[in-house]
Amino acid sequence: MAMEKTVVLIKPDAFQRGLVGRILSRFERKGLKIVGMKMVKMSPGLAKEHYAHLVDKPFYPGLEKFMTNEPILVFVLEGQEAVEVVRKIVGVTNSRKADAGTVRGDYSMSTGRNTIHASDSIETARAEITRFFAPEELFDYNLKVWDYIYAEDEKE
Ligand code: DAT
Ligand code: MG
């Protein structure tokens, strides 16, 4: 068990479909702490860095166009084992295979239009935090309900 930070992007399809608030509220009600948040327009260079593992795939040009044409919402969530917890809430890449109850399982029918991104490991999360946020854009504030979200031995 470890306190972790992870990055979520809400993609342009979720903006167009009016899903931003509903998606965000799922993480809030789970008990994850929002420690940074902003709207950004990804540049093609940033997209190539963010999707470095996919730049050689045939679908990459379409992915880059989709992700850079319109703004996205990017935020950092903090909590115990946050990387794994958030990936579980997001669901698998192909939304048609994603479990009901996950964001992708409930809100989308597609792989290329799957509403959301989340860091896939602690190392990726670290890289994505520095990719999208300056240090002063992250907030280390006291969440007063922490005492009710976690037991005494779960807060560190
Ligand atoms: P995830 O977003 O679940 O971490 P990923 O990192 O493999 O999945 O891929 C990043 C995004 O690229 C994914 O959310 C949608 C797009 N993508 C991946 N595989 C694809 C495919 N076969 N066809 C179209 N788009 C794809
Ligand atoms: Mg990924």
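Quick notes on the rules
Residues numbered from 1 in each chain as written. Chains lettered and ligands numbered in written order. Predicted model: local features only at pLDDT ≥ 70, side-chain atom pairs only at ≥ 80, totals over all residues. Heavy atoms only, no water. Helix = DSSP H or I, 4+ residues; strand = E, 2+ residues; numbered from the N terminus. Rg over C-alpha atoms; globule rule 2.2 N^0.38 Å. Contact = heavy atoms within 4.5 Å. Areas by Shrake-Rupley, 256 points an atom, 1.4 Å probe, with all protein chains shown as cover. Pairing = 2+ DSSP bridges. Axes fitted to C-alpha atoms, helices over the stretch in contact; angles between N-to-C directions. Core = buried A, V, L, I, M, F, W, Y, C linked by side-chain atoms within 4.5 Å. Buried < 20%, exposed > 50% of the residue type's maximum accessible area, 1.4 Å probe, protein only. Near = heavy atom within 4 Å. Polar contact = N/O pair within 3.5 Å; in protein donor to acceptor, adjacent residues only side chain to side chain. 1 Å grid on protein atoms, 1.4 Å probe; cavity = no way out; pocket = protein on both sides within 12 Å on 5 of 7 lines; lining within 4 Å. Sits in = over half its atoms within 2 Å of the grid points. Phe/Tyr/Trp six-rings, centres within 6.5 Å; stacked < 30°, edge-to-face > 60°.

### Some remarks on the overall build of the protein chain
For step 1, the next point in the chain: From N to C terminus, the protein chain includes eight helices and four strands.
For step 2, the next point in the chain: Each helix (α) and strand (β) of the protein chain, taken in turn from the N terminus, gives the series β-α-α-β-α-α-β-α-α-β-α-α.
For step 3, the next point in the chain: Taking 15 Å as the expected radius of gyration for a compact globule of 156 residues, we find that the protein chain reaches 15 Å, a close match to that expectation.
For step 4, the next point in the chain: Taken over the C-alpha atoms alone, the protein chain extends approximately 50 × 35 × 25 Å along its principal axes.
For step 5, the next point in the chain: In the protein chain, 75% of the contacts between residues at least 6 apart in sequence involve partners at least 24 apart.
For step 6, the next point in the chain: Accessible area of the protein chain: about 8600 Å², with a carbon and sulfur share of 53%.

### So, the sheet that holds strand S1 (residues 3-10)
Backbone hydrogen bonds hold the strands of a sheet together, and the pairing may be parallel or antiparallel.
For step 1, the next point in the chain: Spatial strand order, S2-S3-S1-S4: four strands in an open sheet with antiparallel pairing. Single-partner strands in this sheet number two, and they are strand S2 (33-40) and strand S4 (116-118). With strand direction ignored, the average angle separating the axes of adjacent strands in the sheet is 20°.
For step 2, the next point in the chain: One ladder, built from seven bridges, connects S2 with strand S3 (residues 72-80); its direction is antiparallel.

### Some details on the nonpolar core
For step 1, the next point in the chain: By size, the foremost hydrophobic cluster in this structure holds 20 residues, and its most contacted members are Ile23, Phe27, Phe75 and Val86.
For step 2, the next point in the chain: Elements with a minimum of two residues in this core: S1, helix H2 (20-30), S3, helix H5 (82-90), helix H6 (103-107) and S4.
For step 3, the next point in the chain: Setting aside anything within four residues of it in sequence, one finds Phe27 in contact with Val8, Leu32, Phe75, Leu77, Val86, Ile89, Val90 and Ile116.
For step 4, the next point in the chain: The next biggest cluster of nonpolar side chains, apart from the first, holds 18 residues, and it includes Val7, Leu9, Val40 and Leu63.

### Some points on the pairing of S3
For step 1, the next point in the chain: Along S3, nine of the nine residues are buried, which leaves the element largely enclosed by surrounding structure.
For step 2, the next point in the chain: Sheet topology note: the S1/S3 ladder contains eight bridges and is antiparallel. Paired with Met3 across the strands is Gln80, a residue of S3.

### Observations concerning the site of ligand 1
For step 1, the next point in the chain: With respect to spatial proximity, the complete set of residues near ligand 1 consists of Lys11, Tyr51, His53, Leu54, Phe59, Leu63, Arg87, Thr93, Arg104, Thr111, Gly112 and Asn114.
For step 2, the next point in the chain: In this structure, an oxygen atom belonging to ligand 1 sits 2.6 Å away from a side-chain N or O atom of Thr93.
For step 3, the next point in the chain: Contact between ligand 1 and Asn114: an oxygen atom at 2.9 Å from a side-chain N or O atom of the residue.
For step 4, the next point in the chain: Among the detected pockets, ligand 1 sits in the largest pocket.

### Topic: the packing of aromatic side chains
For step 1, the next point in the chain: All told, the structure shown has two aromatic pairs when counted by the stated rule.
For step 2, the next point in the chain: Ring geometry for Phe27 against Phe75: centres 6.0 Å apart, planes inclined by 65°, an arrangement best described as edge-to-face. Here Phe75 lies in strand S3 and Phe27 lies in helix H2, a separation of 48 residues in the sequence.
For step 3, the next point in the chain: Aromatic pair Trp146 and Tyr150: ring centres 4.9 Å apart, planes at 75°, arrangement edge-to-face. As far as burial versus exposure is concerned, Trp146 and Tyr150 are alike and both buried.

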